[in-house]
Amino acid sequence: MELQTMHAQLAERLGGRELVSATISQPRLKSNDIKRIKLKPVNIKNEYRIQFEYQHEHVLKHENLPIDEAAAKLETVFGDFRQALFQFTEEKVQIQLSKKFKVSWKIEGTTTKTAELSHNRKKQYLLEDGVAYPFLVRLGVQSEDGKVKKQKYDKFRQINRFIEFIDDALEHLPKDRTVRILDFGSGKSYLTFALYHYLRIEKGLDLRVTGLDLKKEVIEECQKIADDLQYGQLEFLVGDINDYNEESAVDMVVTLHACDTATDMALSRAVKWNASVILSVPCCQHELNSQIDAPELGLMLQHGLIKERFSALATDSIRAEILSLVGYETQLMEFIDLENTPKNILIRAYKTGKKPAAGQWDRYKAFTQLLSAEPFLENELRHLL
Ligand SMILES: C[S@@+](CC[C@H](N)C(=O)[O-])C[C@H]1O[C@@H](n2cnc3c(N)ncnc32)[C@H](O)[C@@H]1O
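Calculation notes
Note that residues are indexed from 1 along each chain, following the sequence as it is written. Thresholds applied to this predicted model are a pLDDT of at least 70 for local features of residues and 80 or more for the giving and counting of side-chain atom pairs; totals over whole chains, interfaces and linings are not thresholded and use all residues. The side-chain values count all of the structure's non-hydrogen atoms but skip hydrogen atoms and water molecules. Only C-alpha atoms enter the line fits that serve as axes; for helices the fit covers just the stretch in contact. Angles between N-to-C directions range over 0 to 180 degrees. Helix and strand definitions here come from DSSP, where helices need a minimum of 4 consecutive H or I residues and strands a minimum of 2 consecutive E residues; each element is numbered from the N-terminal end. For classification purposes, angles smaller than 35 degrees are called roughly parallel, those larger than 145 roughly antiparallel, those between 65 and 115 roughly perpendicular, and all remaining angles oblique. Should the near helix be turned counterclockwise from the far one by less than a right angle, the crossing is left-handed, whereas a clockwise turn marks it as right-handed. Throughout, a residue-residue contact means that at least one pair of heavy atoms, one from each residue, lies within 4.5 Å. In this classification, Asp, Glu, Lys and Arg are treated as charged, Ala, Val, Leu, Ile, Met, Phe, Trp, Tyr, Cys and Pro as nonpolar, and every other residue, Gly included, as polar. Here the rule is simple: two strands pair whenever DSSP picks up at least two bridges between them. Pairing of aromatic rings covers Phe, Tyr and Trp, the last through its six-membered ring, and needs centres within 6.5 Å; plane angles under 30 degrees mean stacked, over 60 mean edge-to-face, and all others mean tilted. Each residue's exposure class comes from its accessible area (1.4 Å probe, protein chains only) as a fraction of the maximum for that residue type: buried when under 20%, exposed when over 50%, partly exposed otherwise. Cation placement over rings: the criterion is NZ of Lys or CZ of Arg within 6 Å of the ring centroid and within 35° of the ring normal.

The name given to the chain in an unreviewed UniProt entry is Methyltransferase family protein, and the organism recorded there is Planomicrobium soli.

Next up, the structure:
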């Protein structure tokens, strides 16, 4: 098939609103900034749009386009990729593009699927409202019959969002031995219980999970709940992240809202333990606020409020970059979509061992020098950088 015919076919199907989902993959060049693109139809303010989700090395970006612009966009993006899988309402099409842009168009299956416009549909959660999960009942999120309590619905959404991240991380965890997981600053541990429930009860993983927190009473209560639920491989310990040195290897480190540099300490421990997965939602990122001195940014930093927010965002960008420099594929993602605060950013890092790109360290240094910043995490991991 000729390239133009392929584009005409795609435009026709988009025009007929037949798209259910699509993934465009295999960049032609390794250096391609965008690694993968996903498409799906969405409904925005009652307008039909095609959402393009661009997977960059460290970040996901989205664009919602009307049909004709989406078809034109496809023509551009296909120049950089060699493969695509389109699920249409009636058929699934596998597309391969040769070096010289010869098109192979294979119909892989004829199924009938309906395009669900994601902004419209009821959110599909991994944990369902109406199904009683013992840990959610025990923690007071659900009533005995599985109904999520009205005042706990936000928590329920947050737990579900977190489980989506756990589900994504699953493929990065070992399957042939006990998986070791640490949750630093576990607090009341809704998410620690959720993690245990999902990986142990639903996915049957052999694991050992430890929740660590400074608060003795909270930890004792969590341990009691774990005992009541007979969660035998979940333990809670009283302790300070900064002093915790009990392990030599850990597979996954979670830190959710651990304050200020406690997050950095947890990240540095995770790196030293060679953790395959790190999930971290920072909180109270104060460190840089007291260090930043950048006359070039005076226009912004003269405002205390802006300086505080800028410091928090710079701190998390620096954390992500350091993790990338020490061999993690790192992304900053939205944790819950309730509010837009620095608390809402999740750092997700998967160990790949990949060497930093040329110039990456210089770019990092230029940024920290611009801010006159000496990040805690850089000092902690200096020997690896
Ligand atoms: C805001 S709570 C979050 C709790 C839980 N991770 C969540 O997301 O629901 C932060 C928790 O981190 C704990 N924490 C803060 N600094 C800590 C440290 N240095 N060592 C251990 N725990 C710490 C606090 O005691 C608190 O329970």
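Caption draft 1: Region of interest: the packing of helix α10 (residues 304-325) against helix α11 (residues 360-371). Relative orientation of the contacting elements α10 and α11 amounts to 155 degrees, with a least axis distance of 11 Å. It follows that α10 is roughly antiparallel to α11 by the angle criterion. In this structure, α10 meets α11 at a crossing whose hand is left-handed. Every residue of α11 that contacts α10 at Phe310, Ala314, Ile318, Glu321, Ile322, Ser324 and Leu325 is listed here: Gln360, Trp361, Arg363, Tyr364, Phe367, Thr368 and Leu371. Of the residues in the contact of α10 with α11, the class split is 9 nonpolar, 3 polar and 2 charged.

Caption draft 2: Inspection of the sheet that holds strand β8 (residues 179-184) at higher detail. A sheet is described by the order of its strands in space; here 7 strands give the open sequence β10-β9-β8-β11-β12-β14-β13, paired in mixed fashion. This sheet does not close on itself; its edge strands, each paired only once, are β10 (234-238) and β13 (328-334). Taken pair by pair, the neighbouring strands of this sheet meet at an average axis angle of 15 degrees, ignoring direction. Here 4 bridges tie β8 to strand β11 (residues 252-259), and the two strands are oriented parallel to one another.

Caption draft 3: Inspection of the packing of aromatic side chains at higher detail. Considering all chains together, one arrives at 11 aromatic pairs under this definition. Ring geometry for Phe86 versus Phe88: centroids 5.5 Å apart, planes at 15 degrees, classification stacked. Taking relative accessible area as the criterion, Phe86 reaches 0% and is therefore assigned buried. Residues Phe165 and Phe335 carry aromatic rings whose centres are separated by 6.4 Å and whose planes lie at 40 degrees to one another, so their mutual orientation is tilted. Residue Phe165 is located in helix α4 (residues 153-169), and its partner Phe335 is located in the loop between β13 and β14 (345-351); the two are separated by 170 residues in the primary sequence. Sitting over the face of the ring of Phe88, Arg13 holds its NZ or CZ atom 5.3 Å from the ring centroid. Positioned above the aromatic ring of Phe101, the side-chain terminus of Arg28 is 3.8 Å from the ring centre.

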